[in-house]
Amino acid sequence: MFSLMKLPRVFTINQVPKVFHEDGIISGYRHPRSSATDCIRSLFQLTNETVNIWTHFVPTWYFLWKVVTVVLMQTAWQDSFIWPLVIFLLSCCIYPLASSCAHTFSSMSARARHICFFFDYGALSFYSLGSAIIYSAYVFPDKWVNSFFHQCYVPIAVINTVICTSLSCYSRLGLPFLQYNHDIVKRFPECQSPKFSRYLRVVAFAYPYLFDNIPLFYRVFLCVGEGCTDNDTNILHYNHIAFAFLTGFLFATHLPERLAPGSFDYIGHSHQLFHVCGILATHFQMKAIEQDMVTRRPWLLEHSIPITFANSVGAALLCLVVNLTIIAFYSLPLLSAPVYKGKKKMKGPKKASAKVGPCC
């Protein structure tokens, strides 16, 4: 079947602009001015993005099935205690779907690449808020339930989400309305300082994760004695934490491709492993939370902060609106900037460099 399809050509690192370069990845790049059709066709050929796309697209349907199951079988809209679970599961659907779409269409242009990943970052920060909402509802150790920290936890998580989206978008573009003069697009900060941009993104995502997990880390690693919620669910939490830290390690280090550039271009590079470990971490997180929700429900309904619209659905909607506003703030200057009208066809490294430019 694939022999009947005209699949797009792939290129080496020297044939694409710098903004598309990935550490340790030498070949398998798609055309930096692909059409939307070419991007979709590339799903069915082996490029350095193919596995990235499918490792998040397929799990999206698994989490969507979980949402439908909860909504239909547990009458979620009639039981406010289940609202945090629905929000969390929706965030689990949104972030892999946004990621797979970002990786699919990011080769349409440098501008499109930035905008695609702005949505990816916003989806990840929304997932971090979903985690905070559900931790507040079901995971807090008995000792901390109804404490001052518990009462402030979700509002702080909302603020962290805004900071996360802002910092991660800033890491790609800087301050968007200062990046342009009258007729040309200046170099993106990611091209000028790629290491700084990468470190900034690591901090942007590591900080909300560490904050969200303060009650969980205390519960499973530090708390001893009465009120520590030491139950069978903790083994699932351990699995989640292990995969989550492995996910962060792979994202930050770009291993193994940095040790053997070119050897993992298509299969086995860090971003693919990062996707797989991230999904596994989310799976174990979901299982642990579901078990906590069921086993602790009677006690939490009696002792914990009541679950209301404001500290669950309202917080999620506020986060969604603010994240979309931030994404629009960074995207509109890119959409309104003059577009370079060069030839689309690429024949080799020199021609690609001359026609497409060093960064955009």
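Residues numbered from 1 in each chain as written. Predicted model: local features only at pLDDT ≥ 70, side-chain atom pairs only at ≥ 80, totals over all residues. Heavy atoms only, no water.

A look at the packing of helix α7 (residues 194-212) against helix α8 (residues 214-222)
Working note: a packed helix pair is described by the angle between its axes plus the distance between those axes. One way to put it is that α7 packs onto α8 with a least axis distance of 4 Å and a crossing angle of 50 degrees. Classified by the interaxial angle, the pair formed by α7 and α8 is oblique. On the side of α7, the interface is formed by Tyr-209, Leu-210, Phe-211 and Asp-212, while α8 contributes Ile-214, Pro-215 and Phe-217. Residues of the contact of α7 with α8, tallied by class, amount to 6 nonpolar, no polar and 1 charged. (Axes fitted to C-alpha atoms, helices over the stretch in contact; angles between N-to-C directions. Helix = DSSP H or I, 4+ residues; strand = E, 2+ residues; numbered from the N terminus. Parallel < 35°, antiparallel > 145°, perpendicular 65-115°, else oblique. Contact = heavy atoms within 4.5 Å. Nonpolar A, V, L, I, M, F, W, Y, C, P; charged D, E, K, R; others polar.)

Some remarks on the nonpolar core
The nonpolar side chains of a soluble globular protein tend to be buried with one another. Ranked by internal contacts, the top residues of the largest apolar core, which has 46 residues, are Leu-85, Phe-88 and Tyr-138. Secondary structure elements with two or more residues in this core: α2 (50-73), α3 (83-105), α4 (110-138), α5 (148-173), α8, α10 (270-303) and α11 (310-336). Element by element, the count of residues in this core is highest for α4, at 10 residues. What Leu-85 contacts, discounting residues up to four positions off in sequence, is Val-70, Ile-134, Tyr-138, Glu-290 and Met-293. (Core = buried A, V, L, I, M, F, W, Y, C linked by side-chain atoms within 4.5 Å. Buried < 20%, exposed > 50% of the residue type's maximum accessible area, 1.4 Å probe, protein only.)

Considerations on the state of the cysteines
Evaluation of the coordinates by the stated rule reveals 1 disulfide. The disulfide partner of Cys-223 is Cys-228, and the gap between their sulfur atoms is 2.0 Å. For the disulfide bridge between Cys-223 and Cys-228, the dihedral angle about the S-S bond is near -75 degrees, and by the sign convention the bridge is left-handed. The pair formed by Cys-223 and Cys-228 is uniform in burial state, with each residue classed as buried. No disulfide involves Cys-93; its nearest neighbouring cysteine sulfur is the one of Cys-92, lying 7.0 Å away. Free cysteine Cys-169: the closest other cysteine sulfur is in Cys-164, separated by 8.9 Å. (Disulfide = S-S within 2.5 Å.)

Overview of the packing of aromatic side chains
The final tally for this structure, using the stated rule, is 27 aromatic pairs. With centroids separated by 4.7 Å and ring planes inclined at 45 degrees, the aromatic side chains of Tyr-95 and Tyr-127 adopt a geometry described as tilted. Taken together, the positions of Tyr-95 in helix α3 and Tyr-127 in helix α4 put the pair 32 residues apart, joining distant regions of the chain. Exposure class is identical for Tyr-95 and Tyr-127. Each is buried. A network of ring pairs unites the aromatic residues Phe-140, Trp-144, Phe-149, Tyr-153, Phe-211 and Tyr-218 as a single cluster. (Phe/Tyr/Trp six-rings, centres within 6.5 Å; stacked < 30°, edge-to-face > 60°.)

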